[in-house]
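Here is how the chains run, residue by residue.
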Amino acid sequence: MEKLTIKTVLATLLVLAVGFTGQVQAQFQSDFQIKQNFDRDHAEVLEALKTIQTSDEVNEVNEKLNEMESRYRDSATLLNRVLYPETLDGRMTNLRELTHVTGDRIARIGEKGDTIVVLEERISELTTDATRYQQRADSLNNQLAAMRRSRDANAAQARRLRQELDKRDAFIIKMVDSIFVAYEKVDLQSLSPAERRGLALEIDAQNVMGYIESVVDNNISFLNTHTELSTEDFLKLYGVQVEFNRMWENMGYDLAQVYVAETRRSERIGSIVEKVDEWQMLIDDAAWTTLSDAFAQNNIELAPFSNSLEFYTSLNTYLDEAIARAEDNGSDEEVENYQRFADFWFGTVKPRWQEYLIEANLMTYENFNTIDEKLTEWKLQAQPTSYTMLILLGLAIVLILVLLALWLTARGRDVSRK
Amino acid sequence: MISMKHLRLLGNISAAMLLVFAVACGPSLTLTDVDYAQPIESVATPDQNGNVQDVRLGISFNVTDLNVKERGEGSSLPEEVRFIRSIDGYYFVTAPGYRNVYVFKVKERALDLTEIIRVSGAGLANPAFNQRSPYIQLVDGDVEYRLTKDGLAN
């Protein structure tokens, strides 16, 4: 009993001593250190939230947050001042929310699997971006409409607006690509109809097809109202159309399977296909006409063309004929013809258009090389035949004949001696 | 009868009165209840020229002369300098190894030393300032000092 009492007294003294020391230390803690500690704890939680993968780890983070709340409660006034305009409560609430969202995500992954959750998030993220782009595109379309009414509309303004729309089109194409890539990772067949519906609901069904259709609509509208753009601009637009076609052919039908109700599917797809055809026709017409005009303005009369094959054939025919003509009769005029074509080819077509022609699959590098080789040949053949060369040739023939005569004479003498 | 002399005197008095009136009407305004207290001390590392700064607060100054005063000519700069501004606008500056806290008053593009407070014979080991208006608390391990612009408060 006595021992117990001594033990109890000693324990009590120890507790008091520890408590007292703790109190002294707490009393003289540096405010700066408190702030440093808080920043470190805050950063640790954020770092943990980036990597945690199990609900146990989420619980650990929640415990850490509880500890932080009790540790810094007494320093709230100080931290509120030094964290201004944020507050301690604000920071803690933010960490709690992040932890909650992370925990929720981990739980969903547990239920649905990683791929589906990642896909849902990606779709949600893209939908937000797409909405933003849509709003900007609407505003740009309004500007375009206003320009149509305005007499002072000019090509430069149209080009600027077009560039903005291009960014948006490129985004939509990328978005659809991205969604499709994500879908490819999911075995849609393995999902139940309800799961598939749930997945599709993540994004407004109208939006996906709506976005696709709006790219087509915007381009048709633009091409119908802006014919003043340069060849380069039209070739760029051709590239957009080609890229869109690639996307549409790859995944348009598959997306429609997911996002359009069966009863309306064929009608919806038909409507888009019709518009895509119209877009193709318009850009074809605009691009080939402006390209043909550009050659004509440089006094290069190509045979008429209205598609990439005809264009390439027309170029080849023009060059083959020129080479054949030059072979028969190289002349200063032929050199001039060559120079005119070469100036345009090396000064405009290659530096300014080659990139877009290749991107839009209208020509290949090999096509360009072939044309370059033919130009080299044309250049050689086009040179006029020089009189000096003819004289030299004549002298050479005379010299050969003289030498031959001398040789024959010498041979005749040898024979007669024998 | 008012003579020319009286008129001149009257003129001079009028001019003097106008001058006094003009001076009295000049811009004069004092804002009161200003609280300069910096909520948390600044901890800054001197650069090779002895400059320290707190980007957040937008203040920088040179501590070379202060270091010479504390440690003598040719001594190396401290690894860190700690400073804090009190409610009445005075800066309290010290550093690990220093025996004193230096109190400065703000002047136009200068800090004017107003007080040197001796706090440790052996030099401070790990000093830190806390804002405890109207005092500045200096803690060093488990030792506490309460400072005012005039010296130790306790």
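As the structure is a computational prediction, the values presented were derived from the model and not from experiment. (Residues numbered from 1 in each chain as written. Chains lettered and ligands numbered in written order. Predicted model: local features only at pLDDT ≥ 70, side-chain atom pairs only at ≥ 80, totals over all residues. Heavy atoms only, no water.)

Q: So what about the overall build of chain A? Which residues, and what values?
A: Scanning chain A from N- to C-terminus turns up 15 helices and zero strands. Counting all 418 residues of chain A, 39% fall into the buried class. Here chain A has roughly 24,900 Å² of accessible surface; of this, 54% comes from carbon and sulfur atoms. (Helix = DSSP H or I, 4+ residues; strand = E, 2+ residues; numbered from the N terminus. Buried < 20%, exposed > 50% of the residue type's maximum accessible area, 1.4 Å probe, protein only. Areas by Shrake-Rupley, 256 points an atom, 1.4 Å probe, with all protein chains shown as cover.)

Q: Could you give an account of the overall build of chain B, with specific residues and numbers?
A: Within chain B one finds two helices and 11 strands. In chain B, the succession of helices and strands from N to C terminus is α-β-β-β-α-β-β-β-β-β-β-β-β. Per-residue burial over chain B gives 36% buried out of 154 residues. Within chain B, contacts between residues separated by at least 24 positions form 47% of all contacts whose residues are at least 6 apart in sequence. Carbon and sulfur atoms form 54% of the exposed surface of chain B, whose accessible area is close to 9,700 Å². (Contact = heavy atoms within 4.5 Å.)

Q: Got a sec to walk through the sheet that holds strand β5 (residues 91-94) of chain B? Specific residues and values, please.
A: Residues and elements named next belong to chain B. Taken in spatial order, the five strands make up an open sheet running β1-β4-β5-β6-β7, and their pairing is antiparallel. This sheet does not close on itself; its edge strands, each paired only once, are β1 (42-44) and β7 (110-118). Going from strand to strand, the sheet's axes swing by 25° on average, the running direction of each strand aside. One ladder, built from eight bridges, connects strand β6 (residues 100-107) with β7; its direction is antiparallel. When the sheet's bridge partners are listed, Phe 104 is paired in β7 with Leu 113. Against the sheet, helix α2 (residues 64-71) touches β5, β6 and β7, its axis set at about 150° to β6. (Pairing = 2+ DSSP bridges. Axes fitted to C-alpha atoms, helices over the stretch in contact; angles between N-to-C directions.)

Q: Can you lay out the interface of chain A and chain B for me, pointing to particular residues and giving the numbers?
A: Facing 11 residues of chain A, the contacting portion of chain B comprises 16 residues. Buried surface at the junction of chain A and chain B, both sides included, amounts to about 1,100 Å², of which 59% is carbon and sulfur. For the chain A face of the interface with chain B, the top three residues by lost area are A:Phe28, A:Asp31 and A:Phe32, together amounting to 55%. Where chain A touches chain B, the interface holds one salt bridge. Here B:Arg132 makes a salt bridge to A:Asp31, at a shortest N to O gap of 2.9 Å. If you look at where chain A meets chain B, you find three residue pairs in polar contact (both at pLDDT 80 or more). Among the elements of the structure, α1 (2-27), α2 (31-51) and α4 (76-83) of chain A are those that each provide at least two residues to the side of chain A that touches chain B. Residue classes in the side of chain A that touches chain B are distributed as five nonpolar, three polar and three charged. (Buried area = accessible area lost by both parts, 1.4 Å probe. Salt bridge = Lys/Arg side-chain N within 4 Å of Asp/Glu carboxyl O. Polar contact = N/O pair within 3.5 Å; in protein donor to acceptor, adjacent residues only side chain to side chain. Nonpolar A, V, L, I, M, F, W, Y, C, P; charged D, E, K, R; others polar.)

Q: If you had to explain the environment of B:Gln131 to someone new, which residues and values would you point to?
A: Counting through the fold element by element, B:Gln131 comes out in strand β8 (residues 127-132). When neighbours within four sequence positions are excluded, B:Gln131 is seen to be in contact with A:Asp31, B:Ala37, B:Gln38, B:Pro39, B:Ile84, B:Arg85, B:Ser86, B:Ile87 and B:Ile136. Here B:Gln38 takes part through its backbone oxygen, which lies 2.8 Å from a polar atom of the side chain of B:Gln131.

Q: So what's going on with unusual backbone geometry? Which residues, and what values?
A: Leaving glycine out, the prevailing phi sign among residues is negative, and the prevailing peptide bond configuration is trans. A cis amide bond, omega 10°, links A:Tyr84 with the succeeding residue A:Pro85. By the secondary structure assignment, A:Pro85 is in the loop between α4 and α5 (88-112). In the segment running from B:Ser133 into B:Pro134, the intervening peptide bond is cis, with an omega of 5°. Looking at the secondary structure, you find B:Pro134 in the loop between β8 and β9 (135-140).

Q: Outline the pattern of salt bridges, listing residues and values.
A: All names here are of chain A. Taken as a whole and assessed by the stated rule, the structure comprises 23 salt bridges over all chains. Taking the shortest distance from any N to any O, the salt bridge between Asp 41 and Arg 71 comes out at 2.5 Å. With Asp 41 in helix α2 and Arg 71 in helix α3 (residues 55-72), the pair connects residues that are 30 residues apart, well separated along the chain. You can call Asp 41 buried: its relative accessible area is 2%. Judged by its relative accessible area of 40%, Arg 71 falls in the partly exposed class. Of the charged contacts in the structure, one is a salt bridge between Asp 372 and Lys 350, with a shortest N-O distance of 2.7 Å. One end of the pair, Asp 372, is in helix α14 (residues 365-382); the other, Lys 350, is in helix α13 (residues 332-359), with 22 residues separating them in the sequence. The exposure class of Asp 372 is buried, given its relative accessible area of 16%. We classify Lys 350 as partly exposed; its relative accessible area is 24%.

Q: Can you break down a nonpolar patch on the surface residue by residue, with the values?
A: Taken together, A:Leu393, A:Ile397, A:Leu401, A:Leu404, A:Trp407 and A:Leu408 make up a surface patch of nonpolar side chains, about 620 Å² in accessible area. Tracing the chain through its elements places A:Leu404 in helix α15 (residues 387-417). (Patch = residues over 30% accessible without salt bridge, like charges linked within 9 Å, V, L, I, M, F, W, Y side chains within 5 Å.)

Q: Which residues make up the pairing of strand β3 (residues 59-62) of chain B, and what values do they have?
A: All names here are of chain B. A one-sided burial pattern is seen for β3, the buried positions being Ile 59 and Phe 61 and the unburied ones Ser 60 and Asn 62. Pairing between strand β2 (residues 51-54) and β3: four bridges, direction antiparallel. Across the sheet, Val 52 pairs through a bridge with Phe 61, a residue of β3.

Q: Give a description of the nonpolar core that names residues and reports values.
A: All names here are of chain A. Counting 59 residues, the largest nonpolar core has Phe 295, Phe 341 and Trp 378 as the members making the most contacts within it. Only α9 (205-225), α10 (231-259), α11 (262-297), α12 (308-328), α13 and α14 provide two or more residues apiece to this core. Looking at which element gives the most residues to this core, the answer is α11, with 12 residues. Taken domain by domain, this core gets at least three of its residues from each of domain 2 (115-294) and domain 3 (304-382). (Core = buried A, V, L, I, M, F, W, Y, C linked by side-chain atoms within 4.5 Å. Domains from an automatic or database assignment.)

Q: Run through the sheet that holds strand β11 (residues 151-152) of chain B, naming residues and quoting values.
A: Residue and element names in this part refer to chain B. The antiparallel open sheet is built from four strands, whose spatial order is β8-β9-β10-β11. The open sheet has two edge strands with one neighbour each: β8 and β11. Sheet topology places strand β10 (residues 143-148) next to β11; two bridges connect them, and they run antiparallel. Bridge assignment links Thr 148 to a residue of β11, and that residue is Gly 151.

Q: Tell me about the confidence of the model for chain B, residues and numbers included.
A: In this model, chain B carries an average pLDDT of 89, and 83% of its residues clear a pLDDT of 70 or more. Of the two predicted TM-score estimates for the complex, the pTM is 0.49 and the ipTM is 0.78. (pLDDT = per-residue confidence, 0-100.)

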